[in-house]
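A look at the structure
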2 protein chains.
Amino acid sequence: MTATTLHRPTHRDALYLLEEAFGDGRMVTMFGRCTVEYDGRASSSLGPGERLVVCKPDGTILVHTDEKRKPVNWQPPGCTHRASVRDGRLRVRSERSTPQEHLDVAFERIEQVSAYEVTDRSDLQLRGSEEDLRQRILDDPALVEAGFVPQATERETTAGPVDIFGADADGKPVVVELKRRRVGPSAASQLQRYVEALDEEFPDEGVRGILVAPSVTDRTQELLAENGLSFVAAEPIAAEADGEGNPGGVDDEGTARD
Amino acid sequence: MTATTLHRPTHRDALYLLEEAFGDGRMVTMFGRCTVEYDGRASSSLGPGERLVVCKPDGTILVHTDEKRKPVNWQPPGCTHRASVRDGRLRVRSERSTPQEHLDVAFERIEQVSAYEVTDRSDLQLRGSEEDLRQRILDDPALVEAGFVPQATERETTAGPVDIFGADADGKPVVVELKRRRVGPSAASQLQRYVEALDEEFPDEGVRGILVAPSVTDRTQELLAENGLSFVAAEPIAAEADGEGNPGGVDDEGTARD
DNA sequence: GAATTAATATCGCGT
DNA sequence: ACGCGATGTTAATTC
């Protein structure tokens, strides 16, 4: 059986399912009225309300309200889940050390509990990352500027590893900092740190810094100019010729719209 | 009814529930074997596997596998959900403009669908944030150094707003940058940008920069020293006298352990 | 373990 | 809408 569900169970019956599911490495969802307490890297309290709680077999716990992408409370993978009943509440505690932190969920009413057997071997294939941008540049260094010759990636400096290190048409050292999307001031600062570090390695050679990204904000442009840095516009994936038509296809049996 | 669940429904029956739930602003969970395609800020493909899909009434969609805290795919609030059946698959599409992006989930088998009415008015109370650290410093400026006098918070500069601006015992301008936890090089760069900006506002007054955080990394300490910046150790909340005993209490009716 | 950086980061606040 | 910075960021990678 890949899904087991209890509707409005007693706390005791819910507890039995949780014991079983935690032991079998099944994923669990709970829905009901609860409070949540967290203590660890910070601490927090959440008063009563109806929420969806998800427990994963890797030790993750998520508490979701009806809004937002982020859980209102959570615990990362590697935690230990325990369930119990005390003072008329169904309780779930998730705990870990390093850092010492724990999350407590207490249900005063449990509307539904489900346990799922999950099998998922597929890996996500992602396109358009900074890694893709780097590959584009290495395949066609002229995207940075004519005559640019990449010599190393992730080259170490005292300010940390730089994305691409190379030389321009005149043989001057060049640092290239890559960003997959429009950038703010922090990217300019980061590039400036790299240039300063390499200036000490190559005194009097006039190390150049080039930021490669789709675009930059106005203040960032100023920052770059102040520090004698350059900006080159480039996307992590080539922009498509616009002709996608209707990628999702047409529904033929019915639709539900939110 | 606050929770409605269909176990191994036909795609058509699942579709009817989705139509109803999306229309009523209910939260939906789905579990089954599916594939996922995303295109927008980046693009991705995910092959077949069993996953938990959560749709929120605010337009959020989350696709969770049995591992990790982050959803393997998602769409942020503000999207529009649509469900349909086509080519023998139950499909859910989540879409938005600005930026133009969409997520498609296609179930070949749907194990369970649930719809929940959610009511949650409680707000999260969080302690230990940077805001708490700021309040601590303002309550007791000597935590920064003897004689320090705060004059403004979020004071504007050409490099952006600084956390605390004030004067030291000698009347020299001081910029304080706050971080709630151990910091890396970017915090030092940020502080340096603020000092440079204020140096132009207060020429020849010798603007000082102080980083206040629990601790700094070695390379960051060097960066601070190179730029003539200071570091002061402080936590966002006072460390507790260790005496918490057994905060979770003792279980008296049973436990389930993961 | 600590350190460093990317991310479809998300989120909130300001203009 | 864009810009900017905090986050209990999470996660991957390297040392």
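The rules behind these values
- Residues numbered from 1 in each chain as written.
- Chains lettered and ligands numbered in written order.
- Predicted model: local features only at pLDDT ≥ 70, side-chain atom pairs only at ≥ 80, totals over all residues.
- Heavy atoms only, no water.
- Helix = DSSP H or I, 4+ residues; strand = E, 2+ residues; numbered from the N terminus.
- Rg over C-alpha atoms; globule rule 2.2 N^0.38 Å.
- Contact = heavy atoms within 4.5 Å.
- Areas by Shrake-Rupley, 256 points an atom, 1.4 Å probe, with all protein chains shown as cover.
- Lys, Arg positive; Asp, Glu negative; His and termini not counted.
- Charge placed at Lys NZ, Arg CZ, Asp CG, Glu CD.
- Near = heavy atom within 4 Å.
- Polar contact = N/O pair within 3.5 Å; in protein donor to acceptor, adjacent residues only side chain to side chain.
- Nonpolar A, V, L, I, M, F, W, Y, C, P; charged D, E, K, R; others polar.
- Buried < 20%, exposed > 50% of the residue type's maximum accessible area, 1.4 Å probe, protein only.
- UniProt positions renumbered as here; feature names shortened; annotations may be inferred.
- pLDDT = per-residue confidence, 0-100.
- Pairing = 2+ DSSP bridges.
- Axes fitted to C-alpha atoms, helices over the stretch in contact; angles between N-to-C directions.
- Buried area = accessible area lost by both parts, 1.4 Å probe.
- Salt bridge = Lys/Arg side-chain N within 4 Å of Asp/Glu carboxyl O.
- Least-squares fit on C-alpha atoms with pLDDT ≥ 70 in both.
- Parallel < 35°, antiparallel > 145°, perpendicular 65-115°, else oblique.

**A look at the overall build of chain A**
Broken down by element type, chain A carries four helices and 15 strands. For 258 residues, the compact-globule estimate of 2.2 N^0.38 gives 18 Å, and the C-alpha radius of gyration of chain A, at 26 Å, exceeds that figure by more than 25%. With respect to the three principal axes, the spread of C-alpha positions in chain A is 75 × 55 × 35 Å. In chain A, of all internal contacts separated by at least 6 residues, the share reaching a separation of at least 24 is 54%. On chain A, roughly 11900 Å² of surface is accessible, and the fraction owed to carbon and sulfur atoms is 45%. Separation between the mean location of the 31 positive side-chain charges and that of the 48 negative ones in chain A comes to 8 Å.

**With respect to the protein's contact with DNA strand D**
Lining the immediate environment of DNA strand D, one finds 27 residues, of which W74(A), R182(A), T98(B), R180(B) and R181(B) sit closest. Counting only the atoms of DNA strand D within 4 Å of the protein, the fraction contributed by sugar and phosphate is 80%. In this structure, a base nitrogen belonging to DNA strand D sits 2.6 Å away from a side-chain N or O atom of Q75(A). The set of elements that each furnish at least two residues to the surface near DNA strand D consists of β5 (73-75) of chain A together with α3 (185-201) of chain B. Its residues assigned to classes, the surface near DNA strand D comprises nine nonpolar, six polar and twelve charged.

**Observations regarding the protein's contact with DNA strand C**
Lining the immediate surroundings of DNA strand C are 25 residues, of which R180(A), R181(A), R41(B), N73(B) and R182(B) lie closest. Looking at DNA strand C alone, sugar and phosphate atoms form 84% of those within 4 Å of the protein. In the model, a base oxygen of DNA strand C is placed 2.3 Å from a nitrogen or oxygen of the R41(B) side chain. Contact distances for DNA strand C include 2.8 Å between a phosphate oxygen and a side-chain N or O atom of T217(B). Among the secondary structure elements, those contributing two or more residues to the surface near DNA strand C are β9 (124-127) and α3 (185-201) of chain A together with β5 (73-75) of chain B. For the surface near DNA strand C, a count of residues per class yields eight nonpolar, five polar and twelve charged.

**Examining the side chain of T60(A)**
You can see T60(A) is positioned in the loop between β3 (43-55) and β4 (61-64). Residue T60(A) is classed as buried on the basis of its relative accessible area of 0%. At 2.8 Å, the side chain of T60(A) and the side chain of D58(A) are in polar contact. T60(A) has contacts with V54(A), C55(A), Q75(A), P76(A), P77(A), H81(A), K68(B) and R69(B), leaving out every residue within four places of it along the chain.

**Considerations on the UniProt feature "domain: Endonuclease NucS C-terminal" (unreviewed entry) in chain A**
Under the UniProt annotation, the feature "domain: Endonuclease NucS C-terminal" (unreviewed entry) is placed at residues 129-237 of chain A. Secondary structure content for residues 129-237 of chain A is 33% helix and 27% strand, while the C-alpha to C-alpha distance between its ends is 8 Å.

**Regarding the environment of R91(B)**
All names here are of chain B. Locating R91 in the fold gives a position in strand β7 (residues 89-96). With 55 residues separating them along the chain, R91 and V36 place their C-alpha atoms 9.8 Å apart. Sequence-distant contacts of R91, defined by excluding residues within four places in its chain, comprise R82, A83, S84, R86, V105 and A106.

**Quick look at the confidence of the model for chain A**
Here chain A averages 94 in pLDDT, while 93% of its residues score no lower than 70. In the predicted structure, residues 243-252 of chain A sits below a pLDDT of 50 and forms nine contacts with residues beyond four places in sequence or in another chain.

**Observations concerning the sheet that holds strand β13 (residues 208-213) of chain B**
Residues and elements named next belong to chain B. Strand order in the open sheet formed by five strands is β10-β11-β12-β13-β14, with mixed pairing between adjacent strands. Each having just a single partner strand, β10 (149-155) and β14 (230-233) make up the two edges of the open sheet. Taken pair by pair, the neighbouring strands of this sheet meet at an average axis angle of 30°, ignoring direction. Pairing of strand β12 (residues 173-178) with β13, which is carried by five bridges, proceeds in the parallel orientation. Looking at β13, one finds that V174 is bridged to R208. In the packing of α3 onto the sheet, the strands contacted are β10, β11 (162-167), β12 and β13, and the crossing angle to β12 comes to about 155°.

**A few points about the interface of chain B and chain A**
Counting residues at the interface gives 91 residues for chain B, matched by 92 residues for chain A. When chain B packs against chain A, the two sides together hide about 7900 Å² of surface, and 48% of this comes from carbon and sulfur. Across the chain B-chain A interface, the total number found is two salt bridges. Here R51(B) ties to D120(A) by a salt bridge, and the two come within 2.8 Å at their closest N and O atoms. The interface formed by chain B and chain A holds 36 residue pairs in polar contact (both at pLDDT 80 or more) in total.

**Structural notes on the relation of the copies chain B and chain A**
Put simply, the second copy of the chain is the first one after a rotation about an axis and a shift along it. The two copies are related by a screw motion: chain B maps onto chain A through a turn of 180° and a shift of 0.1 Å along the axis, at an RMSD of 0.3 Å. Viewed as a symmetry operation, the transformation between the two copies matches a two-fold axis. Among all residues of chain B, the minimum C-alpha distance to the rotation axis is found for S189(B), at 3.2 Å. When the interface residues of chain B are mapped onto chain A, 98% of them again fall at the interface, so both copies present the same face.

**Re the packing of α3(A) against α3(B)**
Interaxial distance between α3(A) and α3(B) falls to 10 Å at its minimum, and their mutual angle equals 100°. Here α3(B) runs roughly perpendicular to α3(A), going by the angle between their axes. Within the contact between the two elements, α3(A) uses P185(A), S186(A), S189(A) and R193(A) and α3(B) uses P185(B), S186(B), S189(B) and R193(B). When grouped by side-chain class, the residues that make up the contact of α3(A) with α3(B) number two nonpolar, four polar and two charged.

**Thoughts on unusual backbone geometry**
With an omega dihedral of -5°, the bond running from T98(A) to P99(A) counts as a cis peptide bond. Although it is not a glycine, D87(B) sits at a positive phi angle of roughly 55°. Although it is not a glycine, D204(B) adopts a positive phi angle of roughly 65°. Assignment of secondary structure puts D204(B) in the loop between α3 and β13. Classification of D204(B) by relative accessible area gives exposed; the value is 84%.

**Observations concerning the pattern of salt bridges**
Residue and element names in this part refer to chain A. One pass over the structure, following the stated rule, counts 38 salt bridges over all chains. R93 serves as the salt-bridge partner of D104, at 2.8 Å between the closest nitrogen and oxygen. One end of the pair, D104, is in strand β8 (residues 101-116); the other, R93, is in strand β7 (residues 89-96), and eleven residues separate them in sequence. For R93, a relative accessible area of 13% puts it in the buried group. Three or more residues are tied together by salt bridges with common partners; here these are R8, E50, R109 and E111.

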